[in-house]
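# Report on the structure
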Amino acid sequence: MHGAAGKARSKSLHPELTIHNTSVSPVVVTGGQLSTSEGVFNSTPPGLETLSSRTVAAGETKRVSLPFRFDRPIQDVLVEPLTLTISLKTSTGPREVRIPLQKN
């Protein structure tokens, strides 16, 4: 995961992920979930117009952003422990990847 855009008083966060698809079929990032000690937050659902930006072709490496919106500043939301769960649609069915995070 690359730097997550967002300022301390901002109410949104846009972590950017690099997806390396080594399979022979495309993979679609269908969503994300951020778990913190303050709660569980879902990424803003992608619209149809962004489906191509969240699809990683076979053998491709691509950066994908997952936007999160909060009802309070991110400094109040990002309280450890933090886990980002990425939901994927693969040729073999849905899959989730959990990524533990640390604040710097």
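In this text, all values refer to a predicted model and were calculated from it rather than measured experimentally. (Residues numbered from 1 in each chain as written. Predicted model: local features only at pLDDT ≥ 70, side-chain atom pairs only at ≥ 80, totals over all residues. Heavy atoms only, no water.)

## Brief notes about the packing of aromatic side chains
The geometry of an aromatic ring pair is captured by the separation of the ring centres together with the interplanar angle, meaning the angle of the planes. Enumeration over the complete set of coordinates arrives at two aromatic pairs. Here Phe41 and Phe70 contribute two aromatic rings whose centre-to-centre distance is 5.1 Å and whose plane-to-plane angle is 90 degrees, an arrangement assigned as edge-to-face. Taken together, the residues Phe41 in strand β4 (residues 39-42) and Phe70 in the loop between β7 (68-69) and α1 (74-77) connect sequence positions 29 residues apart. Phe41 gets classed as buried once you look at its relative accessible area, which sits at 14%. Aromatic rings pair up to connect Phe41, Phe68 and Phe70 into one cluster. (Phe/Tyr/Trp six-rings, centres within 6.5 Å; stacked < 30°, edge-to-face > 60°. Helix = DSSP H or I, 4+ residues; strand = E, 2+ residues; numbered from the N terminus. Buried < 20%, exposed > 50% of the residue type's maximum accessible area, 1.4 Å probe, protein only.)

## A short note on the pattern of salt bridges
Across all of its chains, the model carries four salt bridges by this definition. Of the charged contacts in the structure, one is a salt bridge between Arg63 and Glu16, with a shortest N-O distance of 3.2 Å. Remark: Glu16 occurs in strand β2 (residues 16-20) and Arg63 occurs in strand β6 (residues 61-65); sequence separation between them is 47 residues. Given a relative accessible area of 27%, Glu16 falls into the partly exposed group. A salt bridge links Glu96 to Arg98; the nearest nitrogen and oxygen atoms lie 3.2 Å apart. Arg98 sits in the exposed class, given a relative accessible area of 57%. Put simply, Glu38, Asp71 and Arg72 are held in one network by salt bridges that share partners. (Salt bridge = Lys/Arg side-chain N within 4 Å of Asp/Glu carboxyl O.)

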